Amino acid sequence: MSTPVHLTPTRRPAAVLASDRQRREGSRTGSPYRNPAEHALLGIQAGAGNRAATAAVQRARAGEQAGGQVSTPQNSTAPAGAQKKNYRDRIAGLLDRFKKNLDPIDTFIKGVQTPANAGFTQQAAAAANEGLKHSAAASGTSAASGNLLTEATGTVVSGMDAYKNMKDARKHETGAGHHTAGKKAKVKGTDAVIGAAGSGAYSAAIAKEVTKIQKAANAAVASEASGIASASVAALKSVRSVFRVGGAARKYRKVKELGDPHLVHAESLARLNESREHANWAAAEAFVALDAYWKQDGEGRLELIGEAVDAAWEAMGEARDAAETLQRAERDVETLNTVQGYAKKKQLTKIGKETVGGALGESTKAAAGVVTAVAAGTAGLASNPVGWGLAGAGAGLVLGVTLYKALRAATKRYEEVRRPEVWAPQGETPAEAASRSESLKHALKFWKKVSKGERQAMAREIYALAAGPHIPGSGGTTQEMRQSGMALLIALKAGPADHKLDEDAWVASLDDPAKTEAWIKEIAEQLASG
């Protein structure tokens, strides 16, 4: 059992007042305060005298009153940098959508077609069946081409995401937004590097299959090169999975070290319960005194009764506040227990997926690539069933994890629209529940991410526990509970050091309503990653 990390937050005003900028509209008779845009549009109206120009003038005036930028013939387009960024985001979005549409096909190729091709190739070599060997090579060429298209597209998308997040990290410099963007930049950058290596491996696989189709003399050399390339890429993916497993294991251990919230906060709950009992006794004594004054006679009786009523009213308020504080603390303990359990479950799930699909699956595929390369180099090209068996086993492990993740994501998408009230933010009116058929259609949209699911709800709960009193809904959190919430953030790698902030600035950012959205996004990301 461990005690919460005791930080010493300094309460700072979260809201910073910004100075208002006001602009005055000039008079209707050629005022020098009229903006250049309006002058230009009035010139259009004078020359053409049509209703369109009049409407343009009205829009210009409305835009000036709102303090916004007015579009003019000379300023009809956005700045070059913003326009370029808009195009880049649109291209990245289209490529990402295209890649996600290719993913199901790519999964089938890797999990079914490629191992089947290896089996047919092995059978053709053992039976000296040239027709079957030619067909398997043709199928292998198409499979590797599909893999190459998906991998190359994913590499471009990852590279663009890495660049975008790197710019975001530099823009924020510190805080939750900086850490979220910086971590994504590293992950996407690594994905781009591995994707580029994978694209090279699939190119080598295409060359290998083409040499088989053409019965080229260098077929063994091409097979050896392809086996080495595929083994190298699989080894890279396996090593990355091992690192991810290590990160998830460390995060799980840190969360577990926080201890059972019921035991950690047993003493503070006992103190709150004692305060409630004392407040109740004080209220009871105040009412006894009031009853005694009612029974007395003599001069000053009414004044004494008035004072007794005020004392009883104050005592009742203190008793009510003490009871509400205890109830809130008890609810927060249950919430903390729930979110800690969820955080540990997420890390265990990640360990399982990365171990099976990455560390084991990819390492098995790497071994298959090595066997293929060795067999090709010793003129035993594809006649050895060991490489086929290893390739099939590795593909099966990766395919199993991929199907599990796809099923989980589809289930979450279904629940998101079928039962929107389950994970809706507190105080927000849930969207209308979709029908069963509409929910099923939404579940099949594998390119869409879940925006209102369990992970996002847990992130909001964790933030509410750790946030300061200026955050709506967090004002009644006890100091002990807030310290535990902060300790959980540190265990999830969202602490001051991770955000490049000192302790006071980090605590102040938790108490800043303007950073609420960035914090919830950061916590959701840390729950999902190792």
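**Brief notes about the overall build of the chain**
So, step 1. Tallying secondary structure elements over the chain gives 15 helices and 0 strands in all.
So, step 2. Expressed as a percentage of its 530 residues, the buried residues of the chain come to 38%.
So, step 3. The contacts in the chain between residues at least 6 apart in sequence include a share of 78% that link residues at least 24 apart.
So, step 4. Taken as a whole, the chain presents about 29,400 Å² of accessible surface, with 58% of it coming from carbon and sulfur.

**Let's talk about the packing of aromatic side chains**
So, step 1. What the rule picks out here adds up to 2 aromatic pairs.
So, step 2. Pairing tryptophan 506 with tryptophan 519 gives two aromatic rings, centres 6.2 Å apart and planes at 70°, and the pair type is edge-to-face. Pair noted here: tryptophan 506 is in helix α14 (residues 503-510) and tryptophan 519 is in helix α15 (residues 516-528), with a separation of 13 residues, a long-range link.
So, step 3. Looking at tryptophan 506, the relative accessible area reads 0%, which means it is buried.
So, step 4. Residue tryptophan 519 is classed as buried on the basis of its relative accessible area, which comes to 1%.

**Here's the deal with the environment of aspartate 89**
So, step 1. Its location among the elements puts aspartate 89 in helix α3 (residues 80-127).
So, step 2. Linking aspartate 89 and methionine 160, residues 71 residues apart in sequence, is a C-alpha distance of 8.8 Å.

**Examining the layout of surface pockets**
So, step 1. There is about 680 Å³ of room inside the second largest pocket.
So, step 2. What lines the second largest pocket is a set of 25 residues, among which Gln426, Arg460, Glu461, Ala464 and Gly473 lie closest to the centre.
So, step 3. Where the lining of the second largest pocket is concerned, the elements lending two or more residues are α9 (301-377), α12 (454-466) and α15.
So, step 4. Sort the elements by how many residues they give to the lining of the second largest pocket and α12 lands first, with 7 residues.
So, step 5. Looking at the lining of the second largest pocket, its residues break down into 13 nonpolar, 6 polar and 6 charged.

**Structural notes on the packing of helix α5 (residues 175-213) against α15**
So, step 1. Taken N-terminus to C-terminus, the directions of α5 and α15 make an angle of 40°; their axes are 8 Å apart at the nearest point. As α5 packs across α15, the resulting crossing turns out to be left-handed. Of the residues in α15, those touching α5 at Ala176, Gly177, His179, Thr180, Lys183 and Lys184 are Ala518, Trp519, Lys521, Glu522, Glu525 and Gln526.
So, step 2. Split into classes, the residues belonging to the contact of α5 with α15 amount to 3 nonpolar, 4 polar and 5 charged.

**Considerations on the pattern of salt bridges**
So, step 1. Summed over all chains, the structure comprises 12 salt bridges.
So, step 2. The partner of lysine 99 in a salt bridge is aspartate 103, and the shortest N-O contact between them spans 3.2 Å. Residue lysine 99 and its partner aspartate 103 are both found in helix α3; the two are separated by 4 residues, about one turn of the helix.
So, step 3. In this structure lysine 99 comes out as partly exposed when scored by relative accessible area, which is 24%.
So, step 4. Within the structure, one salt-bridge network assembled from shared partners comprises Glu267, Arg271 and Glu480.

**Side note on the packing of α12 against helix α13 (residues 479-491)**
So, step 1. Taken N-terminus to C-terminus, the directions of α12 and α13 make an angle of 130°; their axes are 7 Å apart at the nearest point. By the angle between their directions, the pair α12 and α13 is classed as oblique. Across from Ile462, Leu465 and Ala466 in α12, the residues of α13 making contact are Met481, Arg482, Gly485, Met486, Leu488 and Leu489.
So, step 2. Classifying every residue of the contact of α12 with α13 gives 7 nonpolar, 1 polar and 1 charged.

**Structural notes on the environment of leucine 149**
So, step 1. Along the chain, the position of leucine 149 falls in helix α4 (residues 130-172).
So, step 2. Look at leucine 149 and you get partly exposed, because its relative accessible area is 42%.
So, step 3. For the pair formed by leucine 149 and tyrosine 202, sequence separation is 53 residues and the distance between their alpha carbons is 9.3 Å.
So, step 4. When sequence neighbours within four positions are dropped, the list of residues in contact with leucine 149 reads Phe98 and Leu102.

**A word on the environment of aspartate 260**
So, step 1. On the secondary structure map, aspartate 260 appears in the loop between α6 (219-257) and α7 (261-264).
So, step 2. We classify aspartate 260 as partly exposed; its relative accessible area is 33%.
So, step 3. Among the polar contacts made by the side chain of aspartate 260, one reaches the main-chain amide nitrogen of histidine 262 at a distance of 3.1 Å.

**Description of the nonpolar core**
So, step 1. Membership of the largest hydrophobic core comes to 35 residues, with the highest contact counts inside it found for Ile462, Leu488, Leu489, Leu510, Trp519, Ile523 and Leu527.
So, step 2. Elements represented by at least two residues in this core include exactly α8 (266-295), α9, α12, α13, α14 and α15.
So, step 3. It is α9 that contributes the most residues to this core, 7 residues altogether.
So, step 4. The residues contacting isoleucine 462, other than those within four sequence positions of it, are Val339, Leu488, Leu489, Leu492, Ile523 and Leu527.
So, step 5. If you look at the next biggest cluster of nonpolar residues, it comprises 7 residues, including Ala279, Ala283, Ala312 and Ala322.

**Quick word on α15**
Given 3.6 residues per turn, any residue in an α-helix points the same way as the ones three and four places further on.
So, step 1. Relative to the 18 Å expected for 13 residues at 1.5 Å per residue, α15 spans 19 Å between its end C-alpha atoms, a close match to the ideal helical length.
So, step 2. All of the buried residues in α15 are Thr516, Trp519, Glu522, Ile523, Ala524, Gln526 and Leu527.

**Things to note about the confidence of the model for the chain**
So, step 1. Put simply, the chain has an average pLDDT of 79, and 79% of its residues get 70 or more.
So, step 2. Contacts of residues 1-78 to residues separated by more than four positions or lying in other chains number 82 contacts, the stretch itself having pLDDT below 50.
So, step 3. Here residues 379-383 scores under 50 on pLDDT; set against residues more than four positions off or in separate chains, the count is 10 contacts.

**Remarks on α4**
So, step 1. With 43 residues, α4 extends 62 Å between its outermost C-alpha atoms, agreeing within 8% with the 63 Å of an ideal straight helix rising 1.5 Å per residue.
So, step 2. Residue glutamate 173 follows α4 closely and has a positive phi angle near 70°.

**Details of unusual backbone geometry**
So, step 1. Its identity as a non-glycine residue notwithstanding, lysine 493 has a phi of 65°, on the positive side.
So, step 2. Within the element layout of this structure, lysine 493 appears in the loop between α13 and α14.
So, step 3. Given the relative accessible area of 22%, lysine 493 is considered partly exposed.
So, step 4. Unlike most non-glycine residues, lysine 500 shows phi in positive territory, near 60°.
So, step 5. Among the secondary structure elements, lysine 500 is positioned in the loop between α13 and α14.

Definitions and limits used
Residues numbered from 1 in each chain as written. Predicted model: local features only at pLDDT ≥ 70, side-chain atom pairs only at ≥ 80, totals over all residues. Heavy atoms only, no water. Helix = DSSP H or I, 4+ residues; strand = E, 2+ residues; numbered from the N terminus. Buried < 20%, exposed > 50% of the residue type's maximum accessible area, 1.4 Å probe, protein only. Contact = heavy atoms within 4.5 Å. Areas by Shrake-Rupley, 256 points an atom, 1.4 Å probe, with all protein chains shown as cover. Phe/Tyr/Trp six-rings, centres within 6.5 Å; stacked < 30°, edge-to-face > 60°. 1 Å grid on protein atoms, 1.4 Å probe; cavity = no way out; pocket = protein on both sides within 12 Å on 5 of 7 lines; lining within 4 Å. Points joined across faces, edges and corners; volume = space filled by probe spheres on them. Nonpolar A, V, L, I, M, F, W, Y, C, P; charged D, E, K, R; others polar. Axes fitted to C-alpha atoms, helices over the stretch in contact; angles between N-to-C directions. Left-handed = near helix turned anticlockwise from the far one by under 90°. Salt bridge = Lys/Arg side-chain N within 4 Å of Asp/Glu carboxyl O. Parallel < 35°, antiparallel > 145°, perpendicular 65-115°, else oblique. Polar contact = N/O pair within 3.5 Å; in protein donor to acceptor, adjacent residues only side chain to side chain. Core = buried A, V, L, I, M, F, W, Y, C linked by side-chain atoms within 4.5 Å. Expected span 1.5 Å × (residues − 1). pLDDT = per-residue confidence, 0-100.

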